[in-house]
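# Breakdown of the fold
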Amino acid sequence: MTRVRCIVFNAALGALDYRVPTGMDAPPGSVVVLPLGPRQILGLVWDEGELPGDDYPEHKLRAVLEVLPVPPLPAPLRRLISWCADYYLAPLSAVARMALSSSAALKGGGTVTEYRLTGEEPARMTPQRLQALDLLQGEQATMRELAEIAGVSEAVLRGMLGQGLLEPVLVDSDRPYPAPDPQFAAPDLAEQQAAAAADMVAAVKAHRFQPFLLDGVTGSGKTETYFEAVAAALEAGRQVLVLLPEIALTAAFLSRFEKRFGTQPVTWHSSLKASERRRAWRQVAFGGARVVVGARSALFLPFADLGLIVVDEAHEIAFKQDDGVRYNARDVAVMRGHFEAVPVVLASATPALESLQMAEAGRYTRLVLPSRFGGALLPKIAVVNLTEMQPPRGRWLAPPLVEALADRLDKGEQSLLFLNRRGYAPLTLCRHCGFRFKCPNCSAWLVEHRLSQRLACHHCGHEVPPPPVCPECGEPDCLVACGPGVERIADEVGELMPGARVAVVTSDTLASPAAAAEFVAQAEAKAIDVIVGTQLVTKGFHFPELTLVGVVDADMGLDGGDLRAAERTYQQIAQVAGRAGRGAKPGEVLIQTRHPKAAVIAALASGDRDAFYAAETEARREAGAPPFGRWAAIIVSSEDEAEARDAARAIGGAQPREPGVLILGPAPAPLSLLRGRHRYRLLIAARRTAEVQKLIKGWLAPLRFPPGVRVAVDIDPYSFV
Ligand code: ADP
Ligand code: ZN
C-alpha cells in the first residue's frame, strides 16, 4: 500500500496521512483532494520523511479522492517552501498556499466563455448601457469581470447579450503565450555592458547557481545588460522570472521588453483578473509562459524549467512582505536560485548594504557599470540650505528651486519634485480649538487628500469626508492643513507658474498598470511639465527631457531612528536624482535640507557613494546590527489593550538567556494601535552565528495565549513601527 503524508490547508491541523488507491499516481508535490470528516479539503503530497506525523494505523487510513490535473509542484519549489517555513518561522501550509495561488488553475484546463462587444448599436439606450458600451471597448472577459470593469450589474450585461450588443467567445483557458524571440532586436552593448552580460550568460548556460550584484549607476543600461541573460535562458529553452518592486513599474518594463523580444512577457501581480491568474499559473507550470514579470508573490510560482531569476531595483523595501508570511523576496529569490541551480541577478544603482556586504565577502559576484550609457553624464547635485534660504510662509519651495523650475519651463524641459508624502497635508487641525484629526483604529493622524476630498489613514484605509464643522468645538470652516504632501506642492507649483502642466504621481493616482502606462505616455509625449511624486517616481522611469529634480525635504526620512533610515534616504535621493539628465541634455538636482552637513546629504552632494556605504557599514558592524548581527522581532497584538500587554509580558518573562543574544522589550510599539489592535514589540539582537529561529521556536512553543492574541515573528525585520 502507498501511504502519503500531506500538507492540508487548515491552520489548525498538522500534516495528515492518507492512502493512495491502486491505479492512482500521487508523487510528492501532487495537489490532491482529501476527505476530512464529512468534508473534502485541498492537500499537497509532501516528500517522505520530511514531516512529523503520527503512526496512524494503516487500515484506518482514508483514501486520496483525486489528484488535481496540474503538474506536481517541482522539487526545487518544495525545498523553497520548506526553507521559507523554517527560516521565517511560518506554518508550512501558509507558505505552500502561496504556491497554490490560483484556485481556478488547480481545477484543470478547458474552456471559458468570455464576452465582448459586437459593435452593434442598441435599439434602446439606457445610461447604464451607454456606460457599458463606453467602458467595454476593447475588453474581453467573463460576465462578472466585465460587470466590474463597466460598473454595471451582470443583469444589464445579460440584457445586452440578449440584444446582440455582446457576443460570447469560447476561449481555451490553457492557451500558451506567444514566445519571446531572443534574437528579435539585440542591441549593440557598450563595452562595460558586454563584459557584465558575458558573466551572467555563462552562468545561465552552465545552469549554475551564482548570485550576481549588477551594480550600475542610474542610466547605465542595467536592463539591456540583464536582457542578454534573459535571451540566453530563452535560447536554452528555459523560463525566466523578473521581479519588480511595484506594479506601477511594469508598464514601462513591458514596453521595453517588447521592443527587445518582440512580445510582452507574462505578468503576475495582485490586480490580475481571476482568469488571467489561472492562465498564467497553469502556463508557468506547463512551460508555456516563458518570461514572467511580477511582484514578490511570483517567487512561489511553479516554474517547470527555470533558467534565471532577476530582481530589479533589488534594494527596494517593497520586496519585504510585512503581513502573513513575513519574507524578504530578495533573499528568497537567492534561495530559489540555489535550489533551482540557476543564476540570480540583483540589479540596483543603490544596492542594499546587505547585498554589498555579500559581494564583499565573495558570496555574490559584483558586476559594475560605472558610467551612463551613451555618454550621458550623471546629474550635477547641489544642496539648498533651508536654514539660510527659506521659502515664504506657507510655501515649501525655496527660491533657488523655484528659479530652476521657471528656467526649465521656459526651455520646455521637464522637472520632477520629490516628496515622499501622499495627499495634501499630513496633519489637519482645527484653528479654533486645536483639535487634531486622528484615526480611530490606529495611532496615526488622518491625512487630507484634496483630490479625492477625504481624510484618510495611511495605515488602515479608514476614510471620512472633511467635516463642515469641527467635531470638538463645532466651529464651522475651521480646518487648517499642517505641512506639505505632494498635492500641496502641486498646488504651489500651479500658483507660482500658472501655465505649467503638473502631474501628481503617487500610489493613489497610479493605482493600476493602465494608469501607470497612461502617465508614462503623457510624460514621454511632453504633455507634462512638472511631475510631483512620492517614492513611486524614484525608480525605473526614463524620461529623456527631464533635466531638473528637486528634493523637497531630504530630512524627512532621517528622523525616527530606524536602522536603515540613512541608507534608505541615500537610496531614495540617489534614485530620484538618477531620473535627471538621462538624455542628451545634462541634469541638475537640488536637494532642500536643514542639515547640509549630515553625512548622507554630504555624500549625495559630493557623489561619494563609497564613503557613505563604508561609514554606514562600519556603524552597523560596531553596533552588531544587520548584516553583521541577526535581528528578529516579536510583535504581540490584541484588540484588548490589557490582553496584549499581558501576553507581551508573559513572553518577556519567559525569555531565554543565551550568550550573544540580547532581548529588548516588550515595549509598546511606536504604532501602538494599528487596525484596531494594540501592539507590543520585542527585539532580538543576536550574533550572526546564533540560531535565532531555534531560540524563538523553543521560547514561544510552550506559551499559551487567549484566542484574541496574535504573536507574529519577523525575521530580519525592516519595519520597526
Ligand atoms: P538603468 O536601468 O541602469 O538606469 P536603463 O536600462 O534604463 O538604465 O538604460 C538607460 C537608457 O539607455 C535606456 O533608454 C536604454 O534603452 C538605453 N540603453 C541602454 N543600453 C543600451 C544599448 N546597448 N543600446 C541602446 N540603448 C541602450
Ligand atoms: Zn487607521
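We now turn to the structure provided with this report. (Residues numbered from 1 in each chain as written. Chains lettered and ligands numbered in written order. Predicted model: local features only at pLDDT ≥ 70, side-chain atom pairs only at ≥ 80, totals over all residues. Heavy atoms only, no water.)

## So, the overall build of the protein chain
The criterion, for reference: Helical segments are the DSSP runs of H or I of at least four residues, strand segments are the runs of E of at least two, and each set is numbered from the N terminus. Based on C-alpha atoms, the radius of gyration is set beside the globule rule, defined as 2.2 Å times the residue count to the power 0.38. Each residue's exposure class comes from its accessible area (1.4 Å probe, protein chains only) as a fraction of the maximum for that residue type: buried when under 20%, exposed when over 50%, partly exposed otherwise. Whether two residues are in contact is decided by their heavy atoms, any of which lying within 4.5 Å being enough. In these tables, accessible area is a Shrake-Rupley quantity obtained with a 1.4 Å probe, and a residue counts as shielded only by the protein chains included in the view.
Regarding its fold elements, the protein chain presents 20 helices and 29 strands. In terms of overall dimensions, the protein chain is globule-like: its C-alpha atoms have a radius of gyration of 27 Å, near the 27 Å expected for 721 residues. Dimensions along the principal axes, computed over C-alpha positions, put the protein chain at roughly 85 × 75 × 65 Å. For the protein chain, buried positions account for 52% of its 721 residues. If you take every contact in the protein chain between residues at least 6 apart in sequence, the share linking residues at least 24 apart comes to 75%. Counting every atom, the protein chain has about 31300 Å² of accessible surface; 52% of that belongs to carbon and sulfur.

## A word on the coordination of the zinc ion (ligand 2)
Spelled out, the test is: Distances up to 2.8 Å from the metal define which N, O and S atoms are donors, and 3.2 Å serves for Na, K and Ca; water is absent from the atom set, so sites may look incomplete. Any coordination sphere not matching a tetrahedral pattern (four donors, all angles between 85 and 135 degrees) or a square planar or octahedral pattern (four or six donors, opposite donors over 155 degrees apart, other angles between 65 and 115) is reported as irregular.
Within the first shell, the zinc ion (ligand 2) binds the protein through C439 (SG), C442 (SG), C457 (SG) and C460 (SG), at distances of 2.3 to 2.4 Å. In this structure, the zinc ion (ligand 2) is surrounded by four donor atoms whose angles at the metal cover 104 to 116°, and the resulting shape is tetrahedral. Summarised as a motif, the one-chain spacing of the donors to the zinc ion (ligand 2) is C-x2-C-x14-C-x2-C. In this pair, C439 sits in the loop between β17 (427-430) and β18 (447-449) while C460 sits in the loop between β19 (454-456) and β20 (463-464), placing the two residues 21 residues apart along the sequence.

## Brief notes about the site of ligand 1
Stated formally: Whether a residue is near a molecule or strand depends on its heavy atoms: it is near if one of them lies within 4 Å of it. A 3.5 Å cut-off defines polar contacts: any pair of N or O atoms within that distance qualifies, except that in protein one atom must be a possible hydrogen donor and the other a possible acceptor, and neighbouring residues in sequence count only when both atoms are side-chain atoms. Ten residue types, Ala, Val, Leu, Ile, Met, Phe, Trp, Tyr, Cys and Pro, are classed as nonpolar, four, Asp, Glu, Lys and Arg, as charged, and the remainder, Gly among them, as polar.
As a matter of local geometry, ligand 1 sits amid 16 residues, with D188, Q193, G219, K222 and R256 nearest to it. For ligand 1, a nitrogen atom lies 2.8 Å from a polar atom in the backbone of D188. In the model, an oxygen atom of ligand 1 is placed 3.3 Å from a nitrogen or oxygen of the E224 side chain. When isolated, ligand 1 has an accessible area of 550 Å², and the protein chains bury 80% of it. For the shell around ligand 1, a count of residues per class yields four nonpolar, seven polar and five charged.

## Let's talk about the packing of aromatic side chains
Note the following rule: In this analysis, rings of Phe, Tyr and Trp, with Trp reduced to its six-membered ring, are considered paired at centre separations within 6.5 Å, and the interplanar angle assigns stacked below 30 degrees, edge-to-face beyond 60, and tilted for intermediate values. Each ring is checked for a lysine NZ or an arginine CZ that lies within 6 Å of its centre and within 35 degrees of its normal; such an atom marks a charge sitting over the ring.
This model, assessed by the stated rule, comprises 18 aromatic pairs. Ring centres of F227 and F253 lie 5.8 Å apart, and the angle between their planes is 75°; on these two criteria the pair is classed as edge-to-face. Of the two residues, F227 sits in helix α8 (residues 222-235) while F253 sits in helix α9 (residues 250-261), which places them 26 residues apart along the sequence. Accessibility classification places F227 together with F253 in one group, the buried group. Ring-pair connections join several aromatic residues into one group, and the members of that group are Y226, F227, F253, F257 and F261. One Lys or Arg, R450, reaches over the ring of Y424 and ends 3.7 Å from the middle of that ring.

## Quick look at unusual backbone geometry
With the exception of glycine, the majority of residues adopt a negative phi angle, and the majority of peptide bonds are in the trans configuration. Look at the link from P626 to P627: it is a cis peptide, with omega at 5°. Following the sequence through the fold, P627 ends up in the loop between α18 (609-623) and β26 (629-638). Cis geometry marks the peptide bond from G665 to P666, where omega comes out at 10°. Checked against the element boundaries, P666 lands in strand β27 (residues 661-674). Here D477, not a glycine, exhibits a phi torsion of approximately 45°, which is positive.

## Here we look at the nonpolar core
What counts, and what does not: We call a set of buried residues a nonpolar core when its members are Ala, Val, Leu, Ile, Met, Phe, Trp, Tyr or Cys and they connect through side-chain atoms within 4.5 Å of each other.
Grouped together as the largest cluster of nonpolar side chains are 154 residues, with contacts concentrated most on Y226, V230, W281, F300 and F519. With eight residues, α8 is the largest single contributor of residues to this core. Of all hydrophobic cores here, the second largest spans 21 residues; its members include V384, L386, I489 and M497.

## Structural notes on the sheet that holds strand β9 (residues 239-243)
Applied cut-off: A pair of strands is treated as paired once DSSP finds two or more bridges between them. Angles here are taken between N-to-C directions and fall from 0 to 180 degrees, while the axes themselves are lines fitted to C-alpha atoms, restricted in helices to the stretch in contact.
In spatial order, the strands read β10-β11-β9-β12-β13-β8-β14; together these seven strands make up an open sheet with parallel pairing. If you trace the sheet from one side to the other, it starts and ends with β10 (266-268) and β14 (365-369), each paired once. The sheet shows a mean angle of 20° between the axes of neighbouring strands, direction not considered. With five bridges joining them, β9 and strand β12 (residues 306-312) adopt parallel strand pairing. Residue V242 lies in a different strand from β12, and its bridge partner there is V310.

## A short note on the pairing of β26
Extensive coverage of β26 is indicated by the burial of ten of its ten residues. Because side chains alternate across β26, one face comprises the buried residues G629, W631, A633, I635 and S637, and the other comprises R630, A632, I634, V636 and S638, equally buried. As judged from the ten bridges shared by β26 and strand β28 (residues 677-687), these two strands associate in the antiparallel manner. Within β28, the residue paired with V636 across the bridge is Y680.

## Observations regarding the environment of E487
Within the secondary structure, E487 is located in helix α14 (residues 486-496). For E487, a relative accessible area of 8% puts it in the buried group. For the pair E487 and V504, spaced 17 residues apart in the sequence, the C-alpha separation amounts to 6.7 Å. When sequence neighbours within four positions are dropped, the list of residues in contact with E487 reads G423, Y424, H449, R450 and L451.

## Description of the sheet that holds β26
One open sheet accounts for four strands, arranged β27-β28-β26-β29; its pairing is antiparallel. The sheet terminates laterally at β27 and β29 (710-715), the two strands that pair on one side only. Across the sheet, the axes of successive neighbouring strands diverge by a mean angle of 20°, strand direction being ignored.

## So, the packing of helix α4 (residues 127-135) against helix α6 (residues 154-162)
To characterise two packed helices, one gives the angle between the axes of the helices and the distance between these axes. Short version of the rule: Orientation labels follow simple angle bins: below 35 degrees gives roughly parallel, above 145 gives roughly antiparallel, 65 to 115 gives roughly perpendicular, and whatever is left gives oblique.
Packing of α4 against α6 brings their axes to within 10 Å, and their N-to-C directions diverge by 80°. As judged from the angle between their axes, α4 and α6 are roughly perpendicular. Taken together, the residues of α6 that come into contact with α4 (itself represented by Q128, R129, A132 and L133) are V156, L157, G159 and M160. Here the contact of α4 with α6 is composed, by residue class, of five nonpolar, two polar and one charged.

## A word on empty space enclosed by the protein
Filter applied, for reference: With a 1 Å grid spanning the protein atoms alone, the term cavity applies to any set of points in which a 1.4 Å probe fits but cannot get out, the term pocket to an open set with protein on both sides within 12 Å along at least five of seven lines, and the term lining residue to any residue with an atom within 4 Å of a point. Grid points are joined across faces, edges and corners, and a volume is the space filled by probe spheres set on the points.
Inspection of the entire model under this criterion finds three cavities of 30 Å³ or more. The calculated volume of the largest cavity comes to roughly 50 Å³. Residues of the lining of the largest cavity, tallied by class, amount to three nonpolar, two polar and four charged.

## As for the pairing of strand β11 (residues 291-294)
Of the two faces of β11, the one lined by V291 and V293 and the one lined by V292 and G294 are each fully buried. Judged from the three bridges that link them, β10 and β11 form a sheet pairing that is parallel. Paired with W268 across the strands is G294, a residue of β11.

## Overview of the environment of V552
In this fold, V552 is placed in the loop between β24 (546-551) and α16 (565-577). Taking C-alpha positions, V552 is 42 Å from W281, a pair spaced 271 residues apart along the chain. Not counting the four nearest positions on each side in its chain, V552 is found in contact with W396, L397, L417, F418, L419, I489 and Q592.

Nothing here speaks to function; it is all geometry.
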